[in-house]
Amino acid sequence: MSPPDRTPRPAGAVAPRILMTRLRSLMAEGRSLEGRLAGVVSLVARSFVADVCSIYLRMENGDFELVATEGLKPEAIKRTRLARDEGLIGLVVREARPQNIQDAPHHPRFSYRPETGEDPYTSFLGVPILRFGRVIGVLAVQNIVSRVYDEEDVETLQTIAMVMAEVVTTESQSGAEELADVAVRPNRPLELVGRSLSEGLAMGSVHLHDPVVAPAQFFASDISSEEKRLRKALEQLRSYVDAMMVQQVSPLAGESRDILETYRLLAHDPSWAGRLFDAVSSGLSAEAAVDRARREHRARLQNATDSYLRDRLHDLEDLDNRLLRLLAGQTGIANTDHDGAILVARRLGPADLLEYRNAGLRALILEDESTTSHAVIVARALGLPLIGGVERIMTVVETGDQAIVDGDTGHIHIRPEADLVAVYRDRLASRSQRLAEFAAIRDLPAVTEDGVKVELMMNAGLGIDVDNLDASGAEGIGLFRTEFQFLVSETLPSLTEQEEFYKRAMDTAGNRPVLFRTLDLGGDKILRNTRQNREENPALGWRSLRFALDKPGLFRRQLRALCRAAAGRPLSVMFPLVTTPEEFRRAKALLFKEMDWCTKNGREGPSEVSVGAMIETPAFAMSFHELKGEINFLSIGTNDLHQYFFAADRDNRFLSDRYPIINKTFLLFLKDICERGTDCGVPVSICGEAAGNPVMAEIFALLGFRRLSMPASGVGPVKRAIRNLNISATLDSFNALLEENSSDLQKDLLSLLKHSA
Ligand code: PEP
Ligand code: MG
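What follows concerns the sheet that holds strand E9 (residues 201-208). Across a sheet, paired strands are connected by hydrogen bonds in the backbone, their directions being either parallel or antiparallel. Pairing is mixed in the open sheet, where 8 strands are placed in the order E7-E14-E13-E9-E10-E11-E12-E8. Of all the strands in the sheet, just strand E7 (190-193) and strand E8 (195-198) have a single pairing partner and so form its edges. When strand polarity is set aside, the average angle formed by the axes of neighbouring strands in this sheet is 30°. Across 3 bridges, the pairing between E8 and strand E12 (residues 386-388) is antiparallel. The residue bridging Ser 198 from the neighbouring strand is Leu 386, located in E12. Against the sheet, helix H13 (residues 418-440) touches E9, strand E13 (402-406) and strand E14 (411-414), its axis set at about 120° to E9.

Encoded structure:
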C-alpha cells in the first residue's frame, strides 16, 4: 500500500521541542504585550515555515480583531475586524476547533479583505484560543503553496494558542491597556434560565469547579523530572480507578463493570498517556500537557451530540481534572475556603459535593440537568439552591463573577446590575425573617387551632440530612430513602457499610421514629456505572420493589443490614412502589427471613418490627385493603402516585404544570385512600414533596391525613400553616368545594384557606 499523499514538512521547520524552548524564552524576556504577540507570530511563522502567522482576539462587540501578524500587511493590525461568523476565522470560532484547509480562497467561508493583502495564500490552519471552552481568539498560519499541515503542526499550534490564552488573560487581569477592548472574560449582565432542582435563593461570587493551571506552570525546566511527575500522577490515577473495579462486588456487577471498565480503559489508554508524554517531551509542564488534553476534550464535548460519545468525553474530562489535582498534590478538591461562593460546574461527581460541604457554598449551577444526579440529592440534603440544565454556563461565567441564583424559579443573573442586586437583597432579607419566624415555633407541636394534632416528619437519605433532624423541628424521619447511599457511592455499599449507615441514622434520631424505605432504584434513580436505564420506558419498567424482588441477593443484604442495625430497637420498614398485595407479602417474607437469620446466628435483631408499604400505584391504592391484618402502615408517595394517576412523567418539564395536584378527582382519590385505610385500621400518611407545601399540607389535613413527611425545609412553613388552620370551621366549605364543579378549584381553595406563605 502506498503511503498517504502528504506534503512533506517544509525544509527548515523547527521541531516542537525547540519551538517550545524559544517560546519559553520569549515569554521570559519581559517585553510589552504587543512585543510578545509580535514575537510569537514571527517565531511561529519561522518555525512553521509559514508565509503568514496572525492572532485575532475577540472584542467586546463580538468581532475578532487582528492584533498581530507576520506576513499580512502591518497596517491591517488593529484595523481588520471580522464579524464572529465571518470568513475562515469565523469558522474556527464557530466550531471551536482547528480548521485545516488546503485551498482557502475557494472555500465557501473565505472572506476577502484587501487591506490584509491576503489573496495569494492557499493553505490555512487556524486554531481557537480557548478560555474555559469559550473562544477568545484565533491563531492562524497560512502558506502561499498548497500544503497539508500535519497532526503535529495542529497540536503545536494548539499548544501555542493555549499559552496565548493564558498570557492574554493574565495581562488583561492586570489591566493591560492594549487589551482594553478585548473581551477576554465575559462582562455583560446576563440572565439565564435553567431547571430548578433544589429550591432557595442565593447571591455570591462564582467559583468554577475546574482546576486552573497558572501560566507560570506552563513550561518544564527539566523534561525528565517532568516526565517522572506525570508518570507518578498517572500511576496514582490508575490505581485509584483499578481500586474502584476491585470493590465492585455485587449482583449488579455484571452491568456496572462494563461502564467502569470503559472508564478504566480510558485511564489506561496508551494513546491518551502517549499524547501527554509527547507534550511534556516537547517542553510543556505536566500540568500544561494535561490542560491541553482537557481543552481538546472539552471543545469536542461542546460539539458532540451522541450521548455515548458525550459520556466518554465527560469521563475523559473527569480523568483530566483528577490528574491535574494529583499533579497539584491534592487528593481532595475542596478543602479550601469558598465562603459565599456559587459553585458552577459541568456536573459533579459522586463525592465532589460532599467534599465541598464545609467550604461555605451558597448555591450551585450545573450544566447537567438530571433530577436525581448525586449533586441534586446532596444539594437538597444540604439545603443549597441548585439550578441545572444551564447549557454552556461554563463559557459565560468566570471565577469571581457576581451571580444571583433563584432556585425557586430557575432564574440566574450573572454580573447583575445594581438595581437587581437591591431587589434580591430585599428578598433575601424577608426570607431570613421568615426563617427566624419558623425557628421560633420549631419546638412547638403542629396542632391546629381546634386541637387536631398533625404529626410532621422529615424526609432524609443521607447522613447530612439526618443531622438536620433537631434543627428542622420534625418529630422523626417519615421517609428514609435508603437508595441515596447507593446513588452517592462510587461502588455498591457493602453489608457493613449499610448497617453502619442505618445504625447512625437510628442513633441520631434517638427515640424518634425512622421509617426506612427499602431500595427504590431504577426509573428516575439510576445507579452510577450501571446500564439499568437502557429501558424503553423506565418509569414503567423494572424498578424499585420489582427490581429488588428479582435481585434477592441485593435485597436481602439490605434487609439484613436493617435488622442488624436495629439490634434491640424497634424497626420500621416500608416497601416502595408496591403494585399488588402479593408483592408486599413476598417482600415482607424476605424481611422475616432476615430476622430469623439474626436469631439463628446469635445476632440481636429488632425488638419489634413494623412493616408498611408506599402507595404509589393506582393498582395498589385500589387493593391494599386485602392486606388488612398483615400490614402496619401505609404512606402515599404523591410524586409517583401523581405521575401514574395522570400518566405524566414526573421529570418531563413540558408536563410539570399540566396536571396540578389540586385536582378534584385526584384529591377525592386521596380522601378515599385515607378513609379505606382507617376502615382497615391502617394509618395512612403522605410523604411526597407536596407535603412540604403549606397549602397542600392544609389540604391533606382537611382530607383526613394526620401524618405528613416532607423535605426538612418544609417543616417550618407547614407547622405555621397547620397551627393557623381550623379544621372544624373549614371542613364543610372544603368538602362542598370538592363536591361542586369549580372552574378553578385551586383559586377557590386558596381563597378558602387564605394562605399567606
Ligand atoms: C414519592 O414518589 O412521592 C416518593 C416519596 O418517593 P420518591 O420521590 O423517592 O420516588
Ligand atoms: Mg416514589
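There is more to say, and it comes next.
Right, let's get into the coordination of the magnesium ion (ligand 2). With distances of 2.0 to 2.1 Å, the protein atoms coordinating the magnesium ion (ligand 2) are Glu 616 (OE) and Asp 640 (OD). With Glu 616 in the loop between strand E19 (609-615) and helix H21 (618-621) and Asp 640 in helix H22 (residues 638-645), this pair connects stretches of sequence that are 24 residues apart. In terms of burial, Glu 616 and Asp 640 fall into one category: buried.

Looking now at the side chain of Asp 150. With respect to the element layout, Asp 150 can be found in the loop between strand E6 (134-143) and helix H4 (151-173). In this structure the side chain of Asp 150 is engaged in a polar contact, spanning 2.8 Å, whose partner is the backbone nitrogen of Asp 153.

For the rest of this paragraph, the subject is helix H1 (residues 16-28). Between its first and last C-alpha atoms H1 spans 18 Å; for 13 residues at 1.5 Å apiece the expected length is 18 Å, and the two agree. For H1, the set of buried residues is Pro 16, Leu 19, Met 20, Leu 23, Leu 26 and Met 27. Buried residues of H1, viewed axially, fall in a sector of 125°; they line one side. Contacts made by the buried residues of H1 are with helix H2 (33-48) and H4. Immediately downstream of H1, the backbone of Gly 30 shows phi near 75°, a positive value.

The geometry of helix H26 (residues 727-739) relative to helix H27 (residues 745-753) is characterised by a closest axis approach of 11 Å and an angle of 175° between their N-to-C directions. The pairing of H26 with H27 is recorded here as roughly antiparallel in orientation. From H26, Thr 730, Ser 733, Phe 734, Leu 737 and Leu 738 reach across to H27, where they touch Leu 745, Asp 748, Leu 749, Leu 752 and Leu 753. Among the residues making up the contact of H26 with H27, the classes are represented as 7 nonpolar, 2 polar and 1 charged.

Okay, the pairing of strand E10 (residues 341-345) next. Taken across its 5 residues, E10 has 5 buried, putting it largely inside the fold. Residues of E10 alternate between two faces, with Ala 341, Leu 343 and Ala 345 on one and Ile 342 and Val 344 on the opposite face, all of them buried. Bridge count between E9 and E10: 4 bridges; the pairing is parallel. Its bridge partner lying in E10, His 207 is registered against Leu 343. Looking at chain direction, E10 and strand E11 (residues 363-366) are connected through 4 bridges and run parallel. Bridging across to E11, Ala 345 finds its partner in Leu 366.

In the vicinity of ligand 1, 14 residues are found, and the nearest of them are Arg 481, Arg 517, Glu 616, Asn 639 and Arg 650. Between an oxygen atom of ligand 1 and a main-chain N or O atom of Thr 638, the distance comes to 3.1 Å. In the model, an oxygen atom of ligand 1 is placed 2.8 Å from a nitrogen or oxygen of the Arg 650 side chain. If ligand 1 stood free it would expose 290 Å²; the protein chains cover 99% of that surface. Listing elements by their share of the shell around ligand 1, those giving two or more residues are strand E16 (477-481) and H22. Considering every element that reaches the shell around ligand 1, the biggest residue donor is H22, with 3 residues. Counted by class, the shell around ligand 1 contains 3 nonpolar, 4 polar and 7 charged residues.

Mapped onto the elements of the fold, Val 14 is located in the segment before H1. With relative accessibility at 16%, the residue Val 14 sits in the buried group. Taking the C-alpha atoms as reference points, Val 14 and Arg 46, 32 residues apart in sequence, are found 8.1 Å from one another.

The 6 strands are arranged E3-E2-E1-E6-E5-E4 in an open sheet whose pairing can be described as antiparallel. The open sheet is flanked by strand E3 (81-82) and strand E4 (99-101), the only strands paired with a single partner. Bridge analysis of strand E1 (residues 52-58) against strand E2 (residues 64-70) gives 6 bridges, and the strand direction is antiparallel. What sits directly across from Arg 58, in E2, is Phe 64. Helix-sheet contacts for H2 involve E1, E2 and E6, and the interaxial angle to E2 is about 60°. Docked against the sheet, H4 engages E1, E4, strand E5 (123-131) and E6, running at close to 40° with respect to E5.

A few words on the confidence of the model for the chain. Do not read the fine detail of predicted coordinates wherever pLDDT is low. Per-residue confidence for the chain averages 86 on the pLDDT scale, and 90% of its residues sit at or above 70. Between residues 1-6, whose pLDDT stays under 50, and residues either more than four places distant or in other chains, the model counts 1 contact. Across residues 248-256, where pLDDT falls below 50, the model places 22 contacts with residues more than four positions away in sequence or in other chains.

Let us look at unusual backbone geometry. Positioned with a positive phi, Arg 415 is a non-glycine residue whose angle comes to about 45°. Among the secondary structure elements, Arg 415 is positioned in the loop between E14 and H13. Of note, Ala 647 is a non-glycine position whose phi angle comes to about 50°, a positive value. Here Ala 647 is to be found in the loop between H22 and helix H23 (664-680). Take Ala 647: its relative accessible area is 69%, and that puts it in the exposed class.

Quick notes on the rules
- Sequence positions are assigned chain by chain, starting from 1 and proceeding in written order.
- Whichever chain is written first is A, and whichever ligand is written first is 1; the rest continue in order.
- Selection of residues for local features in this predicted model requires a pLDDT of at least 70, selection of side-chain atom pairs for listing and counting requires 80 or more, and totals for whole chains, interfaces and linings are taken over all residues.
- Excluded from the side-chain calculations are hydrogens and water; all other atoms, namely the structure's heavy atoms, are used.
- A pair of strands is considered paired only if DSSP assigns at least 2 bridges between the two.
- Labels follow the DSSP assignment, with helices taken as runs of H or I lasting at least four residues and strands as runs of E lasting at least two, numbered in each case from the N terminus.
- Note on method: axes are straight lines fitted to C-alpha atoms, helices fitted across the in-contact stretch only, with angles between N-to-C directions ranging 0 to 180 degrees.
- Whether two residues are in contact is decided by their heavy atoms, any of which lying within 4.5 Å being enough.
- Only N, O and S atoms count as donors, using a 2.8 Å limit from the metal and a wider 3.2 Å limit for Na, K and Ca, and since water is excluded some coordination spheres may look unfilled.
- For each residue, the accessible area found with a 1.4 Å probe, counting protein chains only, is set against the maximum for its type, and the residue is called buried under 20%, exposed over 50%, and partly exposed in between.
- Identification of polar contacts relies on pairs of N or O atoms within 3.5 Å, with a donor-acceptor requirement for protein atoms, meaning one able to donate a hydrogen and the other able to accept it, and with residues adjacent in sequence counted only if both atoms are side-chain atoms.
- Expected helix span is taken as 1.5 Å per residue step, with the number of steps being one fewer than the number of residues.
- The directions from the helix axis to the C-beta atoms are what the arc is built from.
- When describing relative orientation, an angle under 35 degrees is termed roughly parallel and one over 145 degrees roughly antiparallel, while 65 to 115 degrees is termed roughly perpendicular and anything else oblique.
- Residues are grouped as follows: Ala, Val, Leu, Ile, Met, Phe, Trp, Tyr, Cys and Pro are nonpolar; Asp, Glu, Lys and Arg are charged; every other residue, Gly included, is polar.
- Note on terminology: near, applied to a residue and a molecule or strand, indicates that one of the residue's heavy atoms is within 4 Å of it.
- Only the protein chains shown count as cover for residues, and all accessible areas are computed by the Shrake-Rupley method using a 1.4 Å probe.
- Residue-level confidence of the predictor is what pLDDT reports, using numbers from 0 through 100.

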